[in-house]
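Okay, here's what each chain looks like letter by letter:
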Amino acid sequence: MQKLVQQRVYSGIQPTGGGLHLGNVLGAVSNWVNLLKKGQTRTDSLFCVVDLHAITVYQEPSALRAAIRKTAVDLLACGLDPSSCVLYRQSQVPGHSQLQWLLGTLTPLSRLNLMTQFKEKNKAQFAKGLNGLFSYPVLMAADVLLFRANVVSVGEDQRQHLELTRDLAGIFNSTFAVDYFPIPQPLFTQTARIMSLSDAKSKMSKSAPNADSRIELGDSPDDIRRKIRAAKTDHGFSGFAYDPVLRPEVSNLMSIYASVTNQSMEDATRDLAALTLHSQLKERLTDALISYMKPINERQTELLADLSFVDRVLADGAVQANEIASETMRDVHRMMGLD
């Protein structure tokens, strides 16, 4: 039986939209990079381009192919080092969908009916009532359990999905009288949620129709300057205080500034204390963002000029991931009587 490692970290990101934006980087990927600096072995840190999750809504095939590769480019440009982690495409590891089916036979429908994202997206008719959106939380559980990960780096908005994963691990262990799947623990990201530049009540998103609502990897300094200049702020207040309830727009800009300058919110607030005008805050933030994005964009340009390297990273990652996943699936088949 596969030996349980002391700590194995797993996380993934969808390729929908053709690459990453600042919210992805500050809210997730920067935390993954920091995890790699803690000295884990390569196969104990797995990061995945979750292309199977992307097709819960229709994706034009050629656009999806481009988005998968672009997402991999962006992850590498942000500092994921393939010598320190396994980076791969979900669809290239059959164990994901195989384990989803097996776990699905143990999943109460009542639990899936409670999933908030399904209710919200189905109401918005993103998926028109299709099964993919309904059952994909089981795939998310399979993603984690396939590698017997005991730590999952997630945002607060994924808490419900991780709870289902924990429950399914327990249900499997109880049903087959084994102590096989660890109960994964959340590693919630510490960075504040990055909100839309045009509506601070909504997360920064690739799907938002207004492209100026987000900073995208690959945006030029002029793009960044224009988008920050147009970012929504508030009126009727003096100075700048971090208050996401009363001042969500300014607080969002302050959160971005704190993140890209690697400061606590308290330190960032002191740093900005002398400013009195929104234009001054935006100018300070623009300079910090351009500086933060510069090495990412330079590395992105290098990778786009050598896509064969990116393809090799993903192919090698799939080999490594399949080695771990195959052993898990052999164990699961045996425990369920399918060997």
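Our next topic: the packing of aromatic side chains. Under the defined criterion, the tally for this structure stands at six aromatic pairs. Measuring from ring centre to ring centre gives 5.0 Å for Phe 172 and Phe 181, while their planes differ by 65°; the resulting arrangement is edge-to-face. Overall, the relative accessible area of 1% leaves Phe 181 in the buried class. Through a chain of ring-to-ring contacts, three or more aromatic side chains come together here, namely Phe 172, Phe 176, Tyr 180 and Phe 181. If you follow Arg 148 out to its NZ or CZ, it ends over the ring of Tyr 180, 4.0 Å from the centre.

We now examine the pairing of strand 1 (residues 9–13). Most of strand 1 is tucked away, with four of its five residues classed as buried. Here strand 1 runs beside strand 2 (residues 45–49); their pairing, made up of five bridges, is parallel. Directly across from Ser 11, in strand 2, lies its bridge partner Phe 47. Of the strand pairs in this sheet, strand 1 and strand 4 (residues 151–154) are connected by two bridges, and their pairing is parallel. Note that in strand 4 the partner of Val 9 across the bridge is Val 151.

Here we come to the packing of helix 7 (residues 131–145) against helix 8 (residues 159–175). Between helix 7 and helix 8, whose axes approach to 9 Å, the crossing angle comes to 65°. Judged by the inter-axis angle, helix 7 sits roughly perpendicular to helix 8. Both helix 7 and helix 8 take part in a crossing whose hand is right-handed. Judged by residue contacts, Tyr 136, Pro 137, Val 138, Met 140, Ala 141, Val 144 and Leu 145 of helix 7 engage His 161, Leu 164, Thr 165, Leu 168 and Ala 169 from helix 8. Tallied by class, residues from the contact of helix 7 with helix 8 come to 10 nonpolar, two polar and no charged.

Before going further, it helps to spend a moment on the nonpolar core. In terms of nonpolar packing, the biggest core is built from 55 residues, with Leu 75, Leu 80 and Leu 289 touching the most fellow members. Counting residues per element, the ones that place at least two in this core are helix 1 (22–36), strand 2, helix 3 (61–77), helix 9 (221–230), helix 10 (248–260), helix 11 (265–271), helix 12 (278–304) and helix 13 (307–336). Formed by 36 residues, the second largest nonpolar core is a distinct cluster that contains Leu 103, Leu 106, Phe 172 and Ala 325.

A few words now on helix 7. Taking 1.5 Å of rise per residue, 15 residues should cover 21 Å, and helix 7 covers 21 Å from first to last C-alpha, within 8% of that figure. Along helix 7, the sharpest kink reaches roughly 40°, centred on Pro 137. Within helix 7, 13 of the 15 residues are buried, leaving the element largely enclosed by the surrounding structure.

Time to look at the environment of Arg 226. Looking at the secondary structure, you find Arg 226 in helix 9. You can call Arg 226 partly exposed: its relative accessible area is 36%. Remark: the alpha-carbon pair of Arg 226 and Asp 212, spanning 14 residues in sequence, is separated by 8.4 Å.

Within the structure shown, the criterion is met by 17 salt bridges. Salt-bridge contacts for Asp 223 lead to Arg 226; the nearest nitrogen and oxygen are separated by 3.5 Å. One end of the pair is Asp 223 and the other is Arg 226, both in helix 9 and three residues apart, which spans about a single turn. Across the pair Lys 294 and Glu 298 runs a salt bridge, and its minimum N-O distance is 2.6 Å. With Lys 294 and Glu 298 both in helix 12, this residue pair falls four residues apart, about one helical turn. A relative accessible area of 41% means that Glu 298 is categorised as partly exposed. Taken together, the shared-partner salt bridges connect Lys 206, Arg 214 and Glu 216 into one network.

Take the packing of helix 3 against helix 12 next. In a pair of packed helices, the angle between the axes and the distance between the axes together describe the arrangement. The interhelical angle for the contact between helix 3 and helix 12, taken along N-to-C directions, is 135°, at an axis separation of 8 Å. Classified by the angle their axes make, helix 3 and helix 12 are oblique. In this structure, helix 3 crosses over helix 12, and the sense of that crossing is right-handed. Taken together, the residues of helix 12 that come into contact with helix 3 (itself represented by Lys 70, Val 73, Asp 74, Leu 76 and Ala 77) are Ile 296, Arg 299, Gln 300, Leu 303 and Leu 304. When its residues are assigned to classes, the contact of helix 3 with helix 12 shows six nonpolar, one polar and three charged.

What follows covers the environment of Pro 82. With respect to the helices and strands, the residue Pro 82 is situated in the loop between helix 3 and strand 3 (86–89). For the pair Pro 82 and Glu 323, spaced 241 residues apart in the sequence, the C-alpha separation amounts to 17 Å. Those residues in contact with Pro 82 that sit more than four places away from it in its chain are Arg 42, Leu 76, Phe 309 and Val 313.

Another point: the state of the cysteines. As used here, a disulfide is simply a covalent bond connecting the sulfur atoms of two cysteines. Scanning all chains against the criterion turns up zero disulfides. Note on Cys 48: no disulfide assigned, nearest cysteine sulfur contributed by Cys 85 at a separation of 12 Å. Residue classification places Cys 48 among the buried residues on the basis of a relative accessible area of 1%. A relative accessible area of 1% places Cys 85 in the buried class.

Rules used throughout
Residues numbered from 1 in each chain as written. Predicted model: local features only at pLDDT ≥ 70, side-chain atom pairs only at ≥ 80, totals over all residues. Heavy atoms only, no water. Phe/Tyr/Trp six-rings, centres within 6.5 Å; stacked < 30°, edge-to-face > 60°. Buried < 20%, exposed > 50% of the residue type's maximum accessible area, 1.4 Å probe, protein only. Lys NZ or Arg CZ within 6 Å of the ring centre and 35° of its normal. Helix = DSSP H or I, 4+ residues; strand = E, 2+ residues; numbered from the N terminus. Pairing = 2+ DSSP bridges. Axes fitted to C-alpha atoms, helices over the stretch in contact; angles between N-to-C directions. Parallel < 35°, antiparallel > 145°, perpendicular 65-115°, else oblique. Left-handed = near helix turned anticlockwise from the far one by under 90°. Contact = heavy atoms within 4.5 Å. Nonpolar A, V, L, I, M, F, W, Y, C, P; charged D, E, K, R; others polar. Core = buried A, V, L, I, M, F, W, Y, C linked by side-chain atoms within 4.5 Å. Expected span 1.5 Å × (residues − 1). Bend = angle between axes of the 7 residues up to and from the residue. Salt bridge = Lys/Arg side-chain N within 4 Å of Asp/Glu carboxyl O. Disulfide = S-S within 2.5 Å.

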